[in-house]
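Geometric and topological summary
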Protein chains: 2
Amino acid sequence: MKKEINISESEWLVMEYLWSNPLVTITEIRKELSANGWSDSTIKTLVRRLVSKKAIAINNEAATFRYYPLISQNECRLKETRSFINRVYDGSVSMLVTNLAADSNLTDKETEELLALIEKMGKEQEK
Amino acid sequence: MKKEINISESEWLVMEYLWSNPLVTITEIRKELSANGWSDSTIKTLVRRLVSKKAIAINNEAATFRYYPLISQNECRLKETRSFINRVYDGSVSMLVTNLAADSNLTDKETEELLALIEKMGKEQEK
DNA sequence: TATTTAAGGTTACAGATGTAAACTAAAGCA
DNA sequence: TGCTTTAGTTTACATCTGTAACCTTAAATA
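Quick look at the structure, then. Residue positions are counted from 1 within each chain, in the order its sequence is given. Going through the entries in the order they are written, you letter the chains from A and number the ligands from 1. Residues qualify for local features only when their pLDDT is at least 70, as the model is predicted, and side-chain atom pairs are given and counted only at 80 or more; totals for whole chains, interfaces and linings, by contrast, use all residues.

**Examining the protein's contact with DNA strand D**
The condition that has to hold: Any residue whose C-beta atom, as set from the backbone, lies within 6 Å of a molecule or strand is reported as near that molecule or strand. Counting from the N terminus, the helices are DSSP H or I runs at least four residues long and the strands are E runs at least two residues long. Residue polarity follows a fixed list, in which Ala, Val, Leu, Ile, Met, Phe, Trp, Tyr, Cys and Pro are nonpolar, Asp, Glu, Lys and Arg are charged, and the others, Gly among them, are polar.
Not every one of the 19 residues close to DNA strand D is listed here, only the nearest: Ser8(A), Ser10(A), Ser41(A), Thr27(B) and Phe65(B). Taken together, the elements giving at least two residues each to the surface near DNA strand D come down to helix H1 (9-20) and helix H3 (40-52) of chain A together with helix H2 (26-33) and helix H3 (40-52) of chain B. Counting residues per element, the surface near DNA strand D draws most heavily on H3(A), which supplies four residues. Residue composition of the surface near DNA strand D, by class: four nonpolar, ten polar and five charged.

**Quick word on the protein's contact with DNA strand C**
For DNA strand C, the set of nearby residues contains 20 residues, the closest of which are Thr27(A), Phe65(A), Ser8(B), Ser10(B) and Ser41(B). Taken together, the elements giving at least two residues each to the surface near DNA strand C come down to helix H2 (26-33) and H3 of chain A together with helix H1 (9-20) and H3 of chain B. The class makeup of the residues in the surface near DNA strand C is four nonpolar, eleven polar and five charged.

**Overview of the pairing of strand S2 (residues 66-69) of chain B**
Residue and element names in this part refer to chain B. Note the following rule: Exposed residues have 12 or fewer other C-beta atoms within 10 Å of their own C-beta, buried residues have 20 or more, and partly exposed residues fall in between, where C-beta atoms are placed from the backbone. At least two bridges found by DSSP between two strands are what make those strands a pair.
Burial of the side chains of S2 is restricted to one face: Tyr67 and Pro69 are buried, whereas none of Arg66 and Tyr68 on the reverse face is. With four bridges connecting them, strand S1 (residues 56-59) and S2 associate as antiparallel partners. By the bridge assignment for S2, Ile56 is matched with Pro69.

**Observations regarding the sheet that holds strand S3 (residues 66-69) of chain A**
Residues and elements named next belong to chain A. With respect to topology, three strands assemble into an open sheet ordered S1-S3-S2, the strand pairing being antiparallel. Two strands close off the open sheet at either side, each with one partner strand: strand S1 (24-25) and strand S2 (56-59). Bridge count for S1 against S3 is two bridges, and the pairing is antiparallel. Paired with Val24 across the two strands is Tyr67, which belongs to S3.

**Observations concerning the environment of Leu50(A)**
Threshold: Any two residues are considered in contact once their C-beta atoms, placed from the backbone, lie within 7 Å.
In this structure, Leu50(A) sits in helix H3. Residues within four places of Leu50(A) in sequence aside, it is in contact with Glu11(A), Val14(A), Met15(A), Ala55(A) and Ile56(A).

**As for unusual backbone geometry**
All names here are of chain A. The phi dihedral of Leu23 falls on the positive side, at around 60°, and the residue is not glycine. Inspection of the secondary structure assignment puts Leu23 in the loop between H1 and S1. Positive phi, normally seen in glycine, also occurs at Lys54, with a value near 65°. The residue Lys54 is located in the loop between H3 and S2 in this model. We classify Lys54 as exposed; it has 11 C-beta atoms within 10 Å.

**Structural notes on the packing of H1(A) against H2(A)**
The description of two packed helices rests on the angle between their axes and on the distance between the axes. Residues and elements named next belong to chain A. Put simply, the test is: Where helices are involved, their axes are fitted lines through C-alpha atoms of the stretch in contact, as for all axes, and angles between N-to-C directions lie from 0 to 180°. Orientation is classified from the angle alone, with under 35 degrees giving roughly parallel, over 145 giving roughly antiparallel, 65 to 115 giving roughly perpendicular, and any other angle giving oblique. Note on convention: near helix rotated counterclockwise from far helix by under a right angle means a left-handed crossing. Clockwise means right-handed.
Where H1 contacts H2, the two axes come as close as 11 Å, and the packing angle between them is 120°. Relative to H2, the element H1 lies oblique. Note that H1 runs across H2; the crossing there is right-handed. Across the interface between the two elements, Leu13, Val14 and Tyr17 of H1 pack against Ile29, Glu32 and Leu33 of H2. Looking at side-chain class alone, the contact of H1 with H2 contains five nonpolar, no polar and one charged residues.

The following block contains the structure:
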């Protein structure tokens, strides 16, 4: 069975960059991620840890190593979503959605999007 | 401004028990939570940490202390949900819901609930 | 060619977390 | 009243996470 890969919050930002830009060099990663206020060393540590977790890998065919993801964003999202719902909503998807719909802190845009989505899905249901 | 309270995964289980059963003694907590395979010590540590995080408090009017939550489950859920969506779905509620609806790993019951909910909300929207 | 820069590797270190033992004092039971 | 149980406190210890310095070597540049 597949080993659990746990990606920490900071590591997630690195993954996002790699998901959008597979096969980048460390220089590119650094350039992008130093915006988070991280030092050079910090970024290298995060990348190294992701390699050791087998979340990303190194392609060293060229002179400079290039990094690429081994797991897809979608896969990770599903996994995170599942464990989140289990932990916080006792596994109940509908409780989460109800809660979301009731969250008055949603921005107008979010509420609009959510309602549009719900409406659209409701209609599809009727077919 | 309110200090950030971070409740870990294990601690969350203790909180859930206290949310359902406010004002319980340590004995009751132990009885309930030892089902998770935790030793007596572990449970006491978790409770102590929650007290020091000010997530729960002690009522010591009676001979035996009773513990009760200082923060509501709803408040915690909203906070967790927000940070989850920010981290994993780049802040997009609708991306989360879309993803949920597309998750083929939902149980039949979940799908049913979700669709029912969506339908219900879609109808309410039309009013 | 001497100096600066960057890549890759090694080491560090504090705080959070999971998990628990050990100690002390009180309380209940034999 | 001595023994057992338990509550509350203190201490422990490995792993994960956030954050980074240092070292060595190769490459780029003055």
